[in-house]
Amino acid sequence: MASALSEPSRAAILSLFRSLLRTARQFSDYNIREYSKRRTIDGFRQNRELSDLSLVSSAFSDGKSQLEVARRQVWYHMALLDVNHFQVVEFRA
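Residues numbered from 1 in each chain as written. Predicted model: local features only at pLDDT ≥ 70, side-chain atom pairs only at ≥ 80, totals over all residues. Heavy atoms only, no water.

Colleague: Any chance you could break down the packing of helix H1 (residues 10-25) against helix H2 (residues 30-46) for me, citing the residues and the numbers?
Modeller: The geometry of H1 relative to H2 is characterised by a closest axis approach of 8 Å and an angle of 165 degrees between their N-to-C directions. Classed by the angle they form, the pair H1 and H2 counts as roughly antiparallel. Of the two possible hands of crossing, H1 and H2 adopt the one that is left-handed. Taking contact as the criterion, the partners of Ile 13, Leu 16, Phe 17, Leu 20, Leu 21, Ala 24 and Arg 25 in H1 are, on H2, Arg 33, Ser 36, Lys 37, Thr 40, Ile 41 and Phe 44. Looking at side-chain class alone, the contact of H1 with H2 contains eight nonpolar, two polar and three charged residues. (Axes fitted to C-alpha atoms, helices over the stretch in contact; angles between N-to-C directions. Helix = DSSP H or I, 4+ residues; strand = E, 2+ residues; numbered from the N terminus. Parallel < 35°, antiparallel > 145°, perpendicular 65-115°, else oblique. Left-handed = near helix turned anticlockwise from the far one by under 90°. Contact = heavy atoms within 4.5 Å. Nonpolar A, V, L, I, M, F, W, Y, C, P; charged D, E, K, R; others polar.)

Structure follows, in structure tokens:
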């Protein structure tokens, strides 16, 4: 098993980037979708030049955490949309 400070591979970093962009595409709201996409691209550009092993690992861990948050938000927004589609019917006796 790899240690906590092992540098993530290039493939793992690119996979995280693609996963974040795929998750951003799932938002139905245009503003949220574009914000997530822009934040992902900007974050990866900002961290492109990192060379210190601990900083790279920290940025990768932060990215994985952000991916989990984004996935939960997508799920929440989808569930919220489903709830809003139900019609309220009142029965009177």
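On we go.
Colleague: I'd like to hear about the confidence of the model for the protein, residue by residue, with values.
Modeller: Looking at the protein, the pLDDT average stands at 86 and 81% of residues meet or exceed 70. When pLDDT is averaged over each element of the protein, H1 comes out on top at 97 and helix H3 (residues 53-84) at the bottom at 88. (pLDDT = per-residue confidence, 0-100.)

Colleague: Now, about the packing of aromatic side chains: what can you tell me, with residues and values included?
Modeller: In this structure the tally under the stated criterion is one aromatic pair. Relative to Phe 44, the ring of Phe 17 has its centre 4.9 Å away and its plane inclined at 70 degrees; by these criteria the two rings are edge-to-face. Separated by 27 residues along the polypeptide, Phe 17 in helix H1 and Phe 44 in helix H2 bring together distant segments of the chain. Looking at Phe 17, the relative accessible area reads 23%, which means it is partly exposed. Accessibility expressed as a relative area gives 24% for Phe 44, which makes it partly exposed. (Phe/Tyr/Trp six-rings, centres within 6.5 Å; stacked < 30°, edge-to-face > 60°. Buried < 20%, exposed > 50% of the residue type's maximum accessible area, 1.4 Å probe, protein only.)

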